[in-house]
Amino acid sequence: MLNFIYSRLAVSSMRRSSRMYIPYLGAGMGMAAMFYIMMFLRNNTGLAVMRGGGEVQLMLTLGAMVVGFFAVIFLFYTHNFLIRQRKRELGLYNVLGMEKRHIARILAWETVFSAAISIGLGLGAGILTSKLMLLLLYRILRFPVPIGFEVSEAAVLTTVKLFTVIYAASLANAIRQVRLVEPLELLRAARMGEREPKTRWALALLGLASLGVGYAMALTIEHPLDALVYFFVAVIFVIIGTYLLFVAGSIAFLKLLRRNKRLYYRPRPFIAISGMIYRMKQHAVGLASICILSTMVLVTLSTTVSLYVGLEDVLHIRYPRENTIIMEGYDSGDIRWVRSQVAAVLERRGLSAQAEAEYRFLSFPAFQSGNRFLTGREVTQGLSGTSISLHITSLEDYNRLVPEPVFLAADEALVYTNRGTYQYPSIQLLGREFTVKGTLPEMPARGLATTEVFASCYLVVRDMGVVEEIRQAFVNQGNRAPQMRYQLGFDLNVPQEQAIAAFRDIKQVLSQNKDTFTSVQSREEARADFLSLYGGLFFLGLFLGLVFWLGTVLIIYYKQVTEGYEDRQRYVIMQQVGLSKAEVKSAINSQVLAVFFLPLVAAAAHVAASFKMATRLLTVLNLTNVALFASCTAGVFAGFAVLYTLVYRATARVYYRIVAAANGA
Amino acid sequence: MHLLEVKNVRKVYTTRFGGAKVEALKQVTFTVEKGEYTAIMGESGSGKTTLLNILAALDRPTSGEILLNGRSLAAIPEKELAAFRRDNLGFVFQDFNLLDTLSLKDNILLPLVLAGKPHREMEDRLQPLARKLGISDILSKFPYEVSGGQKQRTAVARALITYPQLVLADEPTGSLDSRASEGLLRLFGEINAAGQTILMVTHSVKAASHAKRVLFIRDGEIFHQLYRGTLSVEEMYERIADTLTLLTTGGAVHA
């Protein structure tokens, strides 16, 4: 019978603190819905049978784990926050004669209601939108759209289990908190006279230095592989710098402003600076975390979006022709055989090869120092320069691919490098000197197998005789003999299924030659794999971006609401000594604005600084379209900022209402 | 001309969901002359805080009029009210109402900052005032670092720094121990002797006994007043105590 009273008390106190509870319930619902959707997609039977579906399922499993992990941390954090806010009320119950176990009962009822609402409505919302998400995922992966509506029982069960555990843990924490605190302490007015934060110049400067190092790294690194290595180092420097700057730098800066009396003793700066010093003391760590989280969301989203959108670019760079045949160590008979076999397959299928490109390459690694290309033992320590891979071909192959034939003497060469333009008038290689007849803006057919990761240099020399002489010199130097490589590329320009069928035939036919290593690559076949990889990443990026965004803004919302309660008295006092309502409102706006947008502005700076490094990383994945990446980044940032601003508006309104409620009294 | 004129002020509160009306002030009429030190005494719930809020232009009366220097408060537009308060009134509160984010100095300067005064003028006003109040040495400290008496002196400095026409004090000794109270009341006497008009609301007999005139308020009406004349503080204390005894025993005394 008495239970009835506790549940009634629970409901009424939830209603009373609805300003705190509604976002909490909303967040719980959102998290439950998203977790269900992730689990549902993962369990989707249609996905398993699609090409590349397995990888996508793996990614979704990972995504579900991230969402689950985030839900645990976030809901726990929010609930902790909620209880701290309500300590006064709970203390009052205690003073009025309620024992702590009775309070625990009220809290238990509150948790039961919250859990029921969040899990129930969350699952409902999840089930309703799961089909939509499935369609979106299939659309992104370009899979045929399935019909029918499914509810995954396993996903429902996992969701209920996980969230029951989360809510139980939150309750345990709340009861622990109530146990720990004495009733008088519970009742005592919030914070009486908090100490002014100290200026910690050393930490502030260290933060500045750390951020500087991180930024410098991100801005100066040219080489994609270096970017791969140093990316995480730079990230760590920037994270440390961000925390230190938010914690110590902000206070040092504000105090510096305060020291400028002409600036400080004016209405707006006076209120803003003095308020912000305390605000930063309490919230610097939270704001820095929000900044880091936002940066991660932005970078992840913009890279996955550009990879997905730039999929065709990536495919065309990785596969300059639809089909490419590569033969290592060939003789002239092999070439004739390959050509005739390919021709036969195409004829049987009624297809014709277009944009045909053929290269014979001699490739070996070299070390470029100025105009000297050093090999083998020539490379000594302390020499400045870069490692490159050198590809040498004959004018005959080159002239077949260009409209205007070129003539070269035996000591002349054409040069192409994928790292800017070759700057020297000559090339020294293996005891020979070639005069550079011309530098090429682009290797025809992109050399049939460019990877942008490594620095490559293409040399076109007069004929195969010169190529053979270079090979001989390389061997004479005492190096292992490099093999000659034959490459044949061509387009078919037919629908995907036909292209893949022809590719399989060619592959099958060429596999008969066991003596020479032959490989066949098809852009059309690779497309499905790329699509499932980049599409899966894209979907995951969107989804997790949404989850993180939800978490971020809710943390900010709660921060603002607590601050609203704390600032109440402050604004009452200011009105008594002569601050008008309009001035109060503008002061509030500028404070909320600062707290809200500081992390966003800092995140924007981080994203801008990371841009160059991110382009280098994308180069590793063969995405070199900087304009595309720039517009994706700008688009993602704009979207993020719009959502962020919407939350800011709502929060500022709630904050003002809290502060204004105390006015007139 | 009177400095402050309160004419037939009535204040009725309506409870939130309509229905019951509470008459906080029935009909209050009195005047304050320039240089006067007046105390308004009354029990909790007698309407004295309501009256003070109305005098401070933080609240508007239901009917009646308040004139400061012949200017009606009702005629001041909402937008100018804050500036009006800032320029003409100084406040001293029971719990000091200092901002804990500001040093004592900045707390004192707050009204001048809000008024947009140049920084040099602020310093020129601050130094002599701080010396007079004996807080010159602690100006750079924060409210949490100083005693209640020092906080209240700071609040007094904040009230005086705008050179207000009228200082309104709401139970200024309410949060102070007896020694600090004594010091503050002596300070009020000195300030008043220098020409500052003070209006204090209190239920402390001791605080009221320092004033030159005491108005008694009960159930929303002024029902008695005492002038000190040539009486000492102790004699005044006796008189006030007697009046309060009469009040609680139910006597209907009218001035």
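Residues numbered from 1 in each chain as written. Chains lettered and ligands numbered in written order. Predicted model: local features only at pLDDT ≥ 70, side-chain atom pairs only at ≥ 80, totals over all residues.

1. Describing the overall build of chain A
Basically, it comes down to this: In DSSP terms, a helix is any run of H or I states spanning at least four residues, a strand is any run of E spanning at least two, and both are numbered starting from the N terminus. All radius of gyration figures rest on C-alpha atoms, and the globule criterion is 2.2 Å times the number of residues raised to 0.38. Any residue with 12 or fewer other C-beta atoms within 10 Å of its own C-beta is exposed, any with 20 or more is buried, and the rest are partly exposed; the C-beta atoms used are placed from the backbone. Here, residue contact means that the backbone-derived C-beta atoms of the two residues sit within 7 Å.
Per the secondary structure count, chain A includes 20 helices and ten strands. Radius of gyration (C-alpha) of chain A: 33 Å, far over the 26 Å computed for a compact globule of 665 residues. Each principal axis of the C-alpha distribution contributes one length, and for chain A these read about 100 × 65 × 40 Å. Per-residue burial for chain A yields a buried fraction of 42% across its 665 residues. Contacts spanning at least 24 positions in sequence make up 84% of the contacts within chain A whose residues lie at least 6 apart.

2. Description of the overall build of chain B
Along its length, chain B carries eight helices and ten strands. Here the C-alpha atoms of chain B give a radius of gyration of 18 Å, agreeing with the 18 Å that 2.2 N^0.38 yields for 255 residues. Dimensions along the principal axes, computed over C-alpha positions, put chain B at roughly 55 × 45 × 40 Å. Burial statistics for chain B: of 255 residues in total, 41% are counted as buried. Taking the contacts inside chain B whose residues are at least 6 apart along the sequence as the reference set, 71% of them involve residues at least 24 apart.

3. Some points on the nonpolar core
One recurring pattern in soluble globular proteins is that nonpolar side chains are buried together. Going by this rule: Remark: nonpolar core denotes a set of buried Ala, Val, Leu, Ile, Met, Phe, Trp, Tyr and Cys residues whose joining runs through C-beta atoms within 7 Å.
One finds Ala32(A), Phe35(A), Tyr36(A), Met38(A), Leu168(B) and Val214(B) to be the most contacted residues of the largest nonpolar core, which totals 203 residues. Of all the elements, helix H18 (residues 523-576) of chain A adds the most residues to this core, at 21 residues. With residues up to four places along the chain from it excluded, the contact list for Phe35(A) reads Ala64(A), Val67(A), Gly68(A), Ala71(A), Thr159(A) and Leu162(A). By size, the runner-up hydrophobic cluster in this structure holds 29 residues, among which are Phe373(A), Leu429(A), Val460(A) and Ile470(A).

4. Quick word on unusual backbone geometry
All names here are of chain B. One non-glycine residue, Ala 57, lies in positive phi territory at about 60°. Note that Ala 57 resides in the loop between helix H1 (48-55) and strand S4 (63-68). Given 19 C-beta atoms within a 10 Å radius, Ala 57 is considered partly exposed. A positive phi is found at Tyr 163, a non-glycine position, where the angle reads about 50°.

5. So, the packing of helix H10 (residues 224-259) of chain A against helix H19 (residues 581-620) of chain A
All names here are of chain A. We count it as follows: A fitted line through C-alpha atoms serves as each axis, taken over the contacting stretch for helices, and the angle formed by two N-to-C directions is quoted from 0 to 180°. If an angle is under 35 degrees, it is roughly parallel; if it is over 145, roughly antiparallel; if it lies from 65 to 115, roughly perpendicular; otherwise it is oblique. Should the near helix be turned counterclockwise from the far one by less than a right angle, the crossing is left-handed, whereas a clockwise turn marks it as right-handed. In this classification, Asp, Glu, Lys and Arg are treated as charged, Ala, Val, Leu, Ile, Met, Phe, Trp, Tyr, Cys and Pro as nonpolar, and every other residue, Gly included, as polar.
One can describe the packing of H10 onto H19 by two numbers: an axis separation of 8 Å at closest approach and a directional angle of 165°. Relative to H19, the element H10 is oriented roughly antiparallel. When you trace H10 past H19, the crossing you get is left-handed. Together, Pro 224, Ala 227, Leu 228, Phe 231, Ala 234, Val 238 and Thr 242 of H10 and Ala 602, His 606, Met 613, Arg 616, Leu 617, Thr 619 and Val 620 of H19 make up the contact between the two elements. Of the residues assigned to the contact of H10 with H19, the class counts are ten nonpolar, three polar and one charged.

6. Thoughts on the packing of H18(A) against H19(A)
Residue and element names in this part refer to chain A. Where H18 contacts H19, the two axes come as close as 11 Å, and the packing angle between them is 150°. Here H18 lies roughly antiparallel to H19, going by the angle between them. You can see that H18 and H19 cross each other, and the crossing is right-handed. Here Ile 556, Gln 560, Tyr 571, Met 574 and Gln 575 of H18 lie close against H19, whose contacting residues are Val 584, Val 592, Val 595 and Phe 596. When its residues are assigned to classes, the contact of H18 with H19 shows seven nonpolar, two polar and no charged.

7. Some words on the pairing of strand S2 (residues 354-369) of chain A
Residue and element names in this part refer to chain A. Our working rule: Strand pairing follows a simple DSSP-based rule, namely that at least 2 bridges must link the two strands.
Note: S2 against strand S9 (residues 484-491), seven bridges, orientation antiparallel. Bridge pairing in S9 links Gln 354 to Asp 491. Alignment of S2 against strand S4 (residues 386-394), held across seven bridges, turns out to be antiparallel. Following the sheet pairing, Gln 368 is matched in S4 by Thr 386. In this sheet, strand S3 (residues 372-374) lies alongside S2 in antiparallel orientation, the contact comprising three bridges. Residue pairing in the sheet places Phe 367 in a bridge with Leu 374 of S3. In this structure, the hairpin formed by S2 and S3 is closed by a connection of two residues, where Gly 370 is found at a positive phi of approximately 65°.

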